[in-house]
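Letter by letter, the chains look like this.
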Amino acid sequence: MLRFDRRLLLNFDWVLIVAVFVVALIGLANIYSSTHLYTKVGTPLYIRELTYYLMGAGIALLIVSIDYRVLLTLNYPLYIAMILLLLFALAFGKTIGGAQRWIDLGFFRLQPSEPAKLVLVITLASYYYRKETGKGFTLLDLVVPALLTGVPFILIAKQPDLGTGLLLGFIFASMTLFVKLRWTTLATLLCGGLSAIPIAWKFFLKPYQRQRVETFLNPENDPLGTGYHIIQSKIAVGSGLIFGKGFMQGTQGQLDFLPERHTDFAFSVWAEEWGFMGSVVLLLCYFFMILWGLNIAISARDKFGVLLAFGVVSLIFWQAFINLAMVMGLLPVVGVPLPLFSYGGSSLLTNLAGLGLLMNIRMRRYMGTS
Amino acid sequence: MLKKRIDIAMALIIFSAALLLTRLWYLQIYRGDEYAKLSEINRIRIQEIAAPRGNILDRNGQPIITNRPRFNVVWSREDAPNPDAVIKDLARILNEDISVLLDRIRAGTENPRYMPTRLKEDIDWETLAAIENKHLSLPGVRIEVMPSRDYLYGDFASHFVGYLGEISPAELAQSRYAKYQSGDQIGKQGVEKIFEEYLKGEKGRNYLEVDVHGFEQRQMQLQDPYPGNDLQLTLDIELQRAAEEAMADKAGAVVVMEVNTGNLLVMCSTPPLHLQEFVGGISSTAWNKLLNNPLNPLLNKTIQGQYPPGSTFKIVTALAAISEGVITPDASFFCGGALNFGNRRYGCWKKGGHGTVDFQRALIESCDVYFYSVGMRLGVDNIAKYATSLGMGRKSGIEIEHEKAGIIPSSAWKQQRYKQKWQDGETLSVAIGQGYVLTTPLQVCRMTAAVVNGGTLYRPQIVHSITAPDGKILKTFAPTSEGKILGSAHSLALIKEALVGVVNSPGGTAKVVKLPDVLIGGKTGTAQVVGLTHVEGMSEKNIPYKYRDHAWFTSFAPAEKPEIAVTVLVEHGQHGGSAAGPVARAVYKRYFELKNGIPKETAETPPIAKDEKEE
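Residues numbered from 1 in each chain as written. Chains lettered and ligands numbered in written order. Predicted model: local features only at pLDDT ≥ 70, side-chain atom pairs only at ≥ 80, totals over all residues.

Some remarks on the interface of chain A and chain B
Across the contact, 33 residues belong to chain A and 29 residues belong to chain B. Breaking the side of chain A that touches chain B down by element, the ones donating at least two residues are α10 (227-238), α11 (251-254), α12 (266-299) and α13 (303-327) of chain A. Per-element tally for the side of chain A that touches chain B: the top contributor is α12 of chain A, with 12 residues. The residue inventory of the side of chain A that touches chain B, partitioned by class, reads 24 nonpolar, 7 polar and 2 charged. (Contact = placed C-beta atoms within 7 Å. Helix = DSSP H or I, 4+ residues; strand = E, 2+ residues; numbered from the N terminus. Nonpolar A, V, L, I, M, F, W, Y, C, P; charged D, E, K, R; others polar.)

Below is the structure:
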């Protein structure tokens with residue numbers, strides 16, 4: 001199984017490595033800044049995050065060493081494992097903040113909805129790769145991938161974690177639009193999707209989720225309630241001005257005005273302490289990484305590699321975009337972390353695994369389709 | 001084909017990057033200053049530190065009211081891991097029922113978490129020491145220090161110094177309190193209120209950085225409070241206390257004025273207000289008790305009490321009569337105990353009559369019949385003219401609020417007030433200070449001072465100067481003359497001479513006041529509260545308190561070169577000489593003791609002759 005080719009090392013994607021390394025450093029420093037005051041017992045969070053990084057690097061290395069085409073056979077076992085984990089989380093999971101999301105492994109609390117994102121990417125890439133006909137997909141062809149997405153979506157939405165659920169929807173939509181669709185399919189999907197919005201609003205959203213959306217549209221209506229997060233985050237970002245308040249000097253973050261400041265709102269802390277300059281640097285890092293990922297997709301040696309790389313890129317892009325738009329007050333508050341940057345082991349390991357896949361595809365671009 | 005889609009994806013990604021960058025620019029640069037300000041407001045709490053209020057001093061610079069620290073026990077929920085045990089301990093130390101403390105804690109749960117709840121206010125030193133000793137076993141319990149008024153002489157001149165209280169919503173709405181906030185202490189009465197802006201000082205400010213829960217993180221800047229200015233009164237502590245002691249069992253007023261400046265050395269109104277009751281807000285039961293007290297402690301009798309001046313008004317009538325030339329000093333009238341005028345009989349207080357009386361004897365023995373005759377010759381408007389020039393019937397302009405003007409009737413006044421013509425018989429009552437005439441003790445004192453100082457009417461003053469904490473004098477209140485009174489120097493001299501006789505001659509009505517080394521002059525007065533018919537035939541002791549006459553005594557000393565005028569009013573004291581006289585005597589005694597340095601107690605109070613029923 002470990003057919004390690006010397007060419008692999010030559011094709012090692014140093015650009016991707018450096019980009020990830022820079023974001024990781026910034027992210028760790030930022031977690032240190034936002035949590036050093038409050039971690040009085042146990043391991044400091046930045047040390048934990050560093051541990052996750054090392055674990056993730058190990059996982060990525062493992063993934064890199066195996067040809068990604070293995071996934072064409074592993075995809076359904078992985079998918080089934082994911083569904084089981086989600087069911088387990090729903091049945092026995094740890095309840096934090098009113099949602100059942102965690103499986104306690106003793107040394108690690110796994111959030112199964114995180115790896116589920118990557119498993120969905122793999123599953124859809126495999127499916128579309130196998131079904132590709134060249135004439136484009138009909139509506140009927142989409143029933144299976146829709147079901148494949150729908151099952152984890154429902155399980156995650158039931159936790160309830162609407163943000164992650166929607167993210168699955170975005171991944172499905174991105175990857176489906178990326179493969180060839182028939183015109184009629186596209187038109188029907190558009191109409192169906194638009195008409196589904198009001199129905200979903202009325203029947204599927206829980207009151208607190210509806211309130212979040214309403215608050216987002218009008219945060220000043222409820223400054224101490226749910227609008228609070230959006231307002232405080234905007235104040236944090238805005239008060240950073242051009243050069244920021246300085247490392248560990250951000251008042252919004254350090255004085256606890258900012259909620260979830262080392263997880264979902266980690267970027268707000270960064271923007272407050274490093275200002276417009278620091279924020280632009282970080283943003284450019286992300287978008288460089290994402291565009292580089294697309295470059296990897298183009299250069300993949302086969303269609304599966306293209307689909308898989310595109311899926312991983314869409315996973316990272318949507319997480320980053322939704323999170324950044326959320327902390328800047330452009331989207332409602334949904335629990336989507338900023339990949340590599342927000343504190344959290346499950347998310348970090350998932351994203352590093354995804355980046356490992358990208359590296360895998362990159363390194364094997366010149367290899368035959370065996 | 002795939003390339004094209006990747007390009008589209010790339011375009012979309014670049015577009016979203018541009019969108020996020022634009023948003024960043026909008027938040028951090030375009031509206032950055034706004035958000036920077038909001039983040040400052042978020043984190044800084046300004047805690048105000050009360051400024052020590054200015055001291056109130058007497059004319060010699062002796063403090064009357066200063067400040068003392070007031071220790072309150074406060075409780076912060078956040079700091080206590082085991083509140084129940086702490087509260088139990090604390091209740092024992094404070095000697096309070098545990099349920100009382102729990103009620104207060106419960107009442108405080110509405111407040112933000114960082115705001116401590118006040119459990120007990122103004123604890124004594126022993127309790128303070130007990131709490132400090134057990135400091136470590138009482139987590140969450142702290143001592144809060146607040147400046148508070150310290151009344152060194154208890155209820156000293158309480159109507160004038162006034163008291164402090166929390167500013168009310170109605171007061172907050174007034175422009176003079178524009179800079180105040182609810183919860184601030186302000187002067188509610190007396191000089192504390194009138195000189196509020198000088199006394200209050202500048203609040204200090206503590207700029208604290210707080211976290212989202214309001215807990216203090218660190219101090220950013222401390223602006224110390226600046227103490228208020230000291231207010232030096234014209235009152236004399238020793239003299240005021242002598243008056244208050246002499247009046248301890250009486251309701252009434254004592255006014256002492258420097259005749260050549262208008263400065264008030266004593267302003268005593270009894271019963272006093274108990275200022276301690278007002279500290280921290282008076283309870284409604286205590287307030288109702290004050291309202292319903294028949295001795296009316298809420299009334300500042302020196303400037304708000306309006307009484308008929310009785311025979312003290314004969315000074316005014318006498319001045320008008322000599323000055324207007326309606327009588328000569330030698331002219332005599334016969335007093336047979338009464339004067340018949342119209343259909344009525346106007347009696348003299350001495351039922352047997354004084355016989356033939358001239359000007360001197362008329363004043364010394366206070367013969368009513370003499371003054372009836374003089375009054376008839378003068379007419380009410382002449383009397384009113386002189387009374388008004390002596391400051392009666394109008395406000396004196398003293399700095400204290402709610403001064404009453406009194407009434408000096410005239411024919412025009414009656415026409416306006418009752419739409420009736422003046423009856424000549426009414427002039428007879430006015431001539432002896434009865435009828436419509438109403439004066440305040442301050443007015444009577446001021447009149448006396450003007451008559452004996454050579455005829456200058458001064459505005460009464462109770463504030464001497466205002467001094468900044470650094471010793472700089474901000475404001476002095478110089479004596480203010482309101483000009484000369486009507487009346488010739490000759491007539492003033494005659495009156496003064498007669499008034500000395502009131503105290504010093506055998507027939508005088510105020511012999512009781514006489515001091516061995518000082519020549520005092522004065523005039524007694526008895527003010528009828530009700531018509532004689534109510535009390536006709538009753539012996540004095542059987543007359544109900546509220547129907548008894550008010551007793552007046554107004555005076556000056558030393559006669560050769562008057563320095564002070566002393567006016568005493570004892571409500572329902574019945575006789576000017578016996579009720580009001582000793583009070584004035586006590587004041588003079590203390591005044592000359594202080595002035596001459598050696599207490600000279602020699603002569604006993606001369607006994608009042610039993611058969612001689614004086615005014």
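Looking at the sheet that holds strand β22 (residues 550-557) of chain B
Residue and element names in this part refer to chain B. Spatially, the 5 strands line up as an open sheet ordered β12-β11-β23-β22-β21, and their pairing is antiparallel. Edge positions in the sheet fall to β12 (264-270) and β21 (521-527), since each of these pairs with one other strand and no more. Direction aside, neighbouring strands of the sheet carry axes that sit 10 degrees apart on average. Bridge analysis of strand β11 (residues 252-258) against strand β23 (residues 564-570) gives 7 bridges, and the strand direction is antiparallel. In the sheet register, V255 faces β23, and the bridge partner there is T567. The strands touched by helix α18 (residues 441-452) within the sheet are β11, β22 and β23, with β23 carrying the most contacts at an inclination of about 150 degrees. (Pairing = 2+ DSSP bridges. Axes fitted to C-alpha atoms, helices over the stretch in contact; angles between N-to-C directions.)

Comments concerning the sheet that holds strand β9 (residues 216-223) of chain B
Residue and element names in this part refer to chain B. Strand order in the open sheet made by the 3 strands is β1-β8-β9, with antiparallel pairing throughout. Either end of the sheet is taken by a strand with one partner, and the two such strands are β1 (44-49) and β9. In this sheet, adjacent strand axes meet at a mean angle of 25 degrees when their direction is disregarded. Summarising the sheet, β1 and strand β8 (residues 204-210) pair through 6 bridges and their orientation is antiparallel. Across the sheet, Q47 pairs through a bridge with N206, a residue of β8.

Examining the pairing of β8 of chain B
Pairing analysis gives 6 bridges linking β8 of chain B to β9 of chain B, with the strands arranged antiparallel. Note that in β9 of chain B the partner of L208 of chain B across the bridge is Q219 of chain B.

Thoughts on the confidence of the model for chain B
Residues and elements named next belong to chain B. With 93% of its residues at a pLDDT of 70 or more, chain B shows a mean pLDDT of 86. The secondary structure element of chain B with the lowest average pLDDT is helix α20 (residues 532-535), at 63, and the one with the highest is β11, at 96. Throughout residues 602-615 the model reports pLDDT below 50, and contacts reaching past four residues in sequence, or to other chains, amount to 21 contacts. Complex prediction metrics read pTM 0.63 and ipTM 0.92. (pLDDT = per-residue confidence, 0-100.)

With respect to the environment of Y53 of chain A
Residue and element names in this part refer to chain A. Mapped onto the secondary structure, Y53 falls in helix α3 (residues 45-65). C-alpha of Y53 to C-alpha of L28: the two residues are 25 residues apart in sequence and 9.6 Å apart in space. Apart from the residues within four sequence positions on either side, Y53 is in contact with A24 and L348.

A look at the pairing of strand β10 (residues 230-233) of chain B
Residue and element names in this part refer to chain B. Along β10, one buried face is formed by D230 and Q232 and the opposite face, lined by L231 and L233, is buried too. Sheet topology places strand β2 (residues 56-57) next to β10; 2 bridges connect them, and they run parallel. For L57, the partnering residue across the bridge sits in β10 and is Q232. In this structure, β10 lies alongside strand β18 (residues 463-467), joined through 4 bridges in antiparallel fashion. When the sheet's bridge partners are listed, Q232 is paired in β18 with S465. (Buried ≥ 20, exposed ≤ 12 C-beta atoms within 10 Å, placed from the backbone.)

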